[in-house]
Each structure stands twice: as C-alpha cells, then as structure tokens.
Amino acid sequence: MEPEETTEGQGANLAQSAASKLSQMGERTKQLGNVIQDPERQKRIILVIVCVALLLDNMLYMVIVPIIPDYLEDLQTAADQAQDAVVHTNSTNSTTHRTKGNFDLQIGVLFASKAILQLLVNPLSGTFIDRVGYDIPLFIGLNVMFLSTLIFAFAENYATLFLARSMQGLGSAFADTSGIALIADKYTEETERSKALGIALAFISFGSLVAPPFGGVLYEFAGKRVPFLILACICLIDGVLCLCVLKPFSNRERENMPVGTPIYKLMIDPYIAVVAGALTICNIPLAFLEPTIANWMEETMHASQWEIGMTWFPAFFPHVLGVYLTVKLAAKYPHLQWFYGAIGMVFIGASSCTVPACKNFGQLMIPLCGICFGIAFVDTALLPTLGFLVDVRHVSVYGSVYAIADISYCVAYALGPVVAGQIVHDLGFVQLNLGMGLANVLYAPALLLLKNVTQMKPSFSERNMLLEDGPTGLYDTIKMEQREKKRKGLCTTIDENGIETFAQRSYSEEESSGGEYA
C-alpha cells in the first residue's frame, strides 16, 4: 500500500509542478504580449523588423558579387572540358573568344535582372500596399526573399540562378517599399521620421558594403551554399517576428483609412519628380562603378584580389557619419533639407570626378568614401521629404510614394551592370566618371524647387476627404454641420434654456480656431 500511496503522491506533485510551470509560461506570454502591444515598443520592434529586411535584401544583392562570377566560370570550364572530349581542338579554339564575350554578357544580365524586375513590379506593389496596408506586403516580400535565397543556395546552373535573382527582385519590390512606408506611417513626427529612416539607410549601407567580404570569405572556406543558408535563416527569423508582432492577416485597421493617391498622380507632382530624379542621379556613380571598378583597378594599379574585395568596405563608415550628421542637422534646421541634398550631390560629383586620378588603393578610398558620404546626405534628407510631401499635398498613405523612390534606385542599378561596361569600352573610364560627376553637380540646383516645401500646409485634411461623400453617422453629421456654419460665418451657442442658437462669428475668432487649413 505504501509504495502505491507514494507513487500517487509523486504523480500529484508532478501534476502540480507542471500546472504551475504552465501558468508561469502563460503569465510570461501575457507580459510579452503586453510589451509588444505597447505603442512605443511596438514602433521600435517594427523598426528592427524593417531594418533586418533591408539588411538582408542588400546583403543578398551584393553577396553574389564575389561568388557567382567564379562559380559560373567553374561551370563554364566544366562544360568546355566536356566539349573538348567530343569536339576537335581547332573548333574549340575558335569558340573560346565568343564564349568569353557571352559569359560577360550573362554576368551583366544576371546582376541586372533583380533591379529590372523590381523596377517593373514596383508600380503594382505600391498600389497594392496602399490598398491592403503595409504588413501583408512586408510578410509576402520576406517569404519570397526566403525562397529566392534557398534557390541561390542549391542552384547548379545559370537558369536557376537567374530565377533566384529575379525572385529576389519580386520580393524586394514588396518588402523594401512596404518597410520604408511602414516606418513613415508609424513615425509621423518629422524629427522621429528622419531618425528612423536614417537608421534604415544605415542598415542598407551596411548590408551592401559588408556582403562582398562576407560572401567571399565563406565561399572560399565553406562553399557556395553556406552564405546563402545563413541569410535564409535570418530571413526566416525576421518573417516569424513579422508574423508575431504585426499579425498581418488579423490586423484590419486600414479598412477605415482613406485610399491613397494613385501612383501616376504622384509621379507628375513636380516636387516628387525632383526628389525622384535626385535619388536616381545620386546613385548612378555607385551603380556604375560597382561593375567596372574591379577591371580598372587591375589594369591601372595592379590591385590584388583582397584589395578589390575590400574596395567599398571602408566607405561604410563615412556613409553612417553622413546619415548621423543629416539627422542631427534636420532636427535643428528642418527647413534646410533641400540644402543637405544639394550639398550631398556636389560631394558625389566632385568625388566621382577624382576617381580616375587615383594611382593606388589608399588614394582610391578617399573619393569612394566621398561618394558614399554624399549619398547618405541625399537619401537621409530626401526620403523623409517624400513622406512630408504626401502628407501636405496628397493623402497620408505612403506605399506608392516610396514605390517611386524604389523605382528611382532601380533605374540606376538596372542600367549599371548593362550600360556601364559598354560606356567604358566605347568612351573610357575617365569619361564615365566625369559624366557622372557633372550630372550630379548640374542637378543639385534643381533641389531649390524644394526650398519652400516645409512652409506648405495641407489644403484638405484626410478627415475632410472622408466626409466629402456625405455624413455616414451622427459624428460625421455634426462635423458637416459645423463646417457649413463656419463657412457662413456662424458659431453655435447654447442659451440658458439649453436651446442651440447661432451668432455671427468674428474673423479674428475664425482665424484663431484653426479648424480649416488654408
């Protein structure tokens, strides 16, 4: 009997301890849920999710630079050896030069395919984001990026690599645009928005500049699959975090929000067009130098492979410095955003013109750091300006306007791998850099058009737009009546008997009320 009683007692104790542990886990989960739902902390978590997504996208964009050419060359060598076994030596000698030219073209098309597809999808993704909100497109983009990274890891031929690169462009069109738009939506105050977008730009820069050495080292010592599998794991974690925090398929807050301005109307807005042009032109030097500078370094300064691999890494630090300075200056002098952008373009232009004069690796670092410093100024100043322009001239829905910003980047990075090599071949590396520098310097005065942007006020509030269709409830009916009375110069008063009466309203009172924007 005693052993049975002891067994029963142990079972009861185990059950009690299990129940207490479950209750503790439930309490911790509840506390975690409360922490996540806190508005300020949720904003920070969302910023982390978006920054990781942008980091992953830019790492995946640049990690293939040291991997894919060498990998494709190995595939081409294996194919040539197989061909040598069955084809006569003379015929293979005649096809070697043709294969080399074809190989360079394949590399260029593969590198550009991501930006080209992203460029084509962005107008559709911007409209989709405006209609369904920011969380679902961000989750979709992370899933597509995860799949494309896995395909990169296991791809063994050119067609599969091309599919993976194109899928990355599709995922980026959703994840990048919705991520930047989500930051603009959550951080409504201009100072906070500039700071948050500056942090996001720092992650973009870090991803682009650290990816080539990251990919090159892992490819050399661990093989092709390892860098892609690491990025896929990080992407999966970010997707799970997005699913838990944003709850994209259960959040229906945007059903009652206004419909955003169509993307074609935003494109013809002169202020937005000027910003989009500046974003394209300031990124052209970076996009055009990336595929051409390695060959130029080998020919002119006989650079080693590690120097070519580390070319852009030192430029990360001035880029972060540029972001930091612009955020601080924008907080103190917010009306000079256009000036910071113009200074950045002049910096880019001067630095680009001095690149061909460099004779060694140490000298080359100075203009490359100047280019990235200038790009940081332009991006950090003008991306928040896009959000502000939408706030004051359109409806505060940000999907389409940041799709336009993404299109601006994609134009530069789609042309770079395809056009830059041809320009160097036909005109020369010096002429390419002088042309890019001159374009930046000449475009800088166009930003004067943005000089008075900060003095603009909304011509019509979002609420008034919603009320234009007529009152749909008691609150809207009262608001409509009050608006009509204001237009007629009447104000509402309540007499001692509780009866509503109307009195003539003075102009000074109407002006001080601030009910309508001029």
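Within any chain, residue numbers begin from 1 and follow the written order of that chain's sequence. Note on the predicted model: pLDDT of at least 70 is required for a residue's local features to be given, and 80 or more for side-chain atom pairs to be given and counted; whole-chain, interface and lining totals, by contrast, use all residues. Values shown for side chains rest on all heavy atoms present in the structure; no hydrogens or waters enter the calculation.

Asks: Please provide a residue-by-residue account of the overall build of the protein chain, values included.
Replies: To qualify as a helix, a DSSP run of H or I must reach at least 4 residues; to qualify as a strand, a run of E must reach at least 2; elements of each kind are numbered from the N terminus. Along its length, the protein chain carries 20 helices and two strands. Out of the 518 residues in the protein chain, the part that is buried amounts to 47%. Within the protein chain, contacts between residues separated by at least 24 positions form 82% of all contacts whose residues are at least 6 apart in sequence. Split by element, the accessible area of the protein chain, about 25900 Å² in all, is 63% carbon and sulfur. Relative accessibility under 20% of the residue-type maximum defines a buried residue, over 50% an exposed one, and the middle range a partly exposed one, all with a 1.4 Å probe and only protein chains included. We call two residues in contact whenever any of their non-hydrogen atoms come within 4.5 Å of each other. Only the protein chains shown count as cover for residues, and the accessible areas themselves come from Shrake-Rupley with a 1.4 Å probe.

Asks: Mind laying out the environment of Cys 235, listing which residues take part and the relevant values?
Replies: In this structure, Cys 235 sits in helix α8 (residues 225-245). Cys 235 gets classed as buried once you look at its relative accessible area, which sits at 2%. With 182 residues separating them in the primary sequence, Cys 235 and Ala 53 have C-alpha atoms 7.2 Å apart. If we ignore the near neighbours within four places in the chain, the residues touching Cys 235 are Leu 56, Leu 142, Met 145 and Phe 146.

Asks: With reference to specific residues and values, describe the side chain of Asp 269.
Replies: Tracing the chain through its elements places Asp 269 in the loop between α9 (263-267) and α10 (270-289). Taking the relative accessible area as the measure of exposure, Asp 269 reaches 3% and is therefore buried. Under the rule applied, a polar contact is a pair of N or O atoms within 3.5 Å (in protein, one hydrogen donor and one hydrogen acceptor; residues adjacent in sequence only if both atoms are side-chain atoms). A polar atom in the side chain of Asp 269 sits 2.8 Å from the side chain of Arg 393. Each residue touching Asp 269, except ones within four places of it in the same chain, is listed here: Arg 393 and His 394.

Asks: For the nonpolar core, give the residues involved together with the corresponding values.
Replies: Take the buried Ala, Val, Leu, Ile, Met, Phe, Trp, Tyr and Cys residues and link them wherever side-chain atoms come within 4.5 Å; each set so joined is a nonpolar core. Core analysis: the biggest nonpolar cluster contains 127 residues, and Leu 138 and Tyr 402 have the highest contact counts within it. Excluding anything up to four places from it in sequence, Tyr 402 contacts Thr 177, Ile 180, Ala 181, Ala 184, Leu 197, Leu 383, Pro 384, Leu 386 and Gly 387.

Asks: Lay out the packing of helix α7 (residues 190-222) against α8 with the relevant residues and their values.
Replies: As a packed pair, α7 and α8 sit with axes 7 Å apart at the nearest point and diverge in direction by 125°. Of the possible angle classes, the one that applies to α7 and α8 is oblique. Every residue of α8 that contacts α7 at Phe 214, Gly 215, Leu 218 and Ala 222 is listed here: Val 226, Pro 227, Ile 230 and Leu 231. In this description, a line fitted to the C-alpha atoms serves as the axis of each element, helices being fitted only across the stretch in contact, and the angle between N-to-C directions of two axes falls anywhere from 0 to 180 degrees. Angular relationships are summarised with four words: roughly parallel below 35 degrees, roughly antiparallel beyond 145, roughly perpendicular across 65 to 115, and oblique for the angles in between.

Asks: So what's going on with the confidence of the model for the protein chain? Which residues, and what values?
Replies: A residue's pLDDT is the confidence the predictor assigns to it, expressed on a 0 to 100 scale. Taken residue by residue, the protein chain gives an average pLDDT of 78. The fraction at 70 or more is 75%. Under a pLDDT of 50 for its full length, residues 460-479 has, in the predicted model, 24 contacts with residues more than four places off or in other chains.

Asks: Summarise a negative patch on the surface; cite the residues concerned and give the values.
Replies: Patch construction takes residues with relative accessible area above 30% that form no salt bridge. Like charges are linked within 9 Å, and nonpolar side chains (Val, Leu, Ile, Met, Phe, Trp, Tyr) are linked within 5 Å. By salt bridge we mean one thing: a side-chain nitrogen of Lys or Arg within 4 Å of a carboxyl oxygen of Asp or Glu. Only four residue types enter the tally: Lys and Arg on the positive side, Asp and Glu on the negative side; His and the chain ends are excluded. A single reference atom marks each charge: NZ on Lys, CZ on Arg, CG on Asp, CD on Glu. On the surface, a cluster of negative charge is made up of Asp 70, Glu 73, Asp 74 and Glu 220. If one sorts the elements of the negative patch by residue count, helix α3 (residues 68-84) sits on top with three residues. Note that Glu 73 resides in helix α3. For Glu 73, a relative accessible area of 43% corresponds to the partly exposed category.

Asks: An account of helix α16 (residues 399-426) is requested, with residue identities and associated values reported.
Replies: With 28 residues, α16 extends 40 Å between its outermost C-alpha atoms, agreeing within 8% with the 40 Å of an ideal straight helix rising 1.5 Å per residue. Where α16 bends most, at Gly 416, the angle is about 55°, and the proline Pro 417 comes one to four residues later. Just past α16, the residue Gly 428 takes up positive phi, approximately 115°. Every helix has an expected span of 1.5 Å times one less than the residues it contains. One axis fitted to the seven residues ending at a residue, another fitted to the seven starting there: the angle between these axes is the bend at that residue.

Asks: Explain the packing of aromatic side chains to me, using residue names and the numbers behind them.
Replies: For Phe, Tyr and Trp, where Trp contributes only its six-membered ring, two rings pair if their centres lie within 6.5 Å, and the inter-plane angle classes them as stacked under 30 degrees, edge-to-face over 60, or tilted in between. Counted according to the given criterion, the structure contains 10 aromatic pairs. Between Tyr 61 and Tyr 413, the ring centres sit 5.8 Å apart and the planes meet at 85°, which makes this aromatic pair edge-to-face. With Tyr 61 in helix α2 (residues 39-63) and Tyr 413 in helix α16, the pair connects residues that are 352 residues apart, well separated along the chain. Pairwise contacts between aromatic rings join Phe 206, Phe 316 and Phe 317 into one cluster. Charge over a ring is defined by NZ of Lys or CZ of Arg lying within 6 Å of the ring centre and within 35 degrees of the ring normal. Its guanidinium or amino end placed over the ring of Tyr 187, Lys 43 lies 4.8 Å from that ring's centre, counting from NZ or CZ. Here the basic side chain of Arg 165 rests over the ring of Phe 111, its NZ or CZ set 5.7 Å away from the ring centre.

Asks: Hey, could you go over the packing of helix α5 (residues 135-154) against helix α6 (residues 158-186) for me, with residue numbers and the actual values?
Replies: It is at 7 Å that the axes of α5 and α6 come closest, and there the two elements cross at 155°. If you check the angle between α5 and α6, you find them roughly antiparallel. Every pair of crossing elements has a handedness; the one defined by α5 and α6 is left-handed. Residues are grouped as follows: Ala, Val, Leu, Ile, Met, Phe, Trp, Tyr, Cys and Pro are nonpolar; Asp, Glu, Lys and Arg are charged; all remaining types, including Gly, are polar. The residue inventory of the contact of α5 with α6, partitioned by class, reads 15 nonpolar, eight polar and one charged. Note on convention: the crossing is left-handed when the near helix lies turned anticlockwise from the far helix by less than a right angle, right-handed when the turn is clockwise.

Asks: Which residues make up a nonpolar patch on the surface, and what values go with them?
Replies: Together, Leu 321, Tyr 324, Leu 325, Leu 329 and Tyr 333 make up a nonpolar patch on the protein surface, roughly 440 Å² of accessible area in all. Tracing the backbone through its elements, the reader meets Tyr 324 in helix α13 (residues 316-332).

Asks: Go over the pattern of salt bridges with me, naming the residues and quoting the values.
Replies: Inspection of the entire model under this criterion finds six salt bridges. Between Glu 192 and Lys 43 there is a salt bridge, with the nearest N and O atoms lying 3.4 Å from each other. Here the residue Glu 192 occupies a position in helix α7, and Lys 43 occupies one in helix α2, the gap between them amounting to 149 residues. With relative accessibility at 12%, the residue Lys 43 sits in the buried group. Note that Arg 393 and Asp 269 form a salt bridge whose closest N and O atoms lie 2.8 Å from each other. Note that Arg 393 is positioned in helix α15 (residues 361-393) and Asp 269 in the loop between α9 and α10, a separation of 124 residues in sequence. Residues joined by salt bridges that share partners form a network here, namely Glu 190, Arg 193 and Asp 391.

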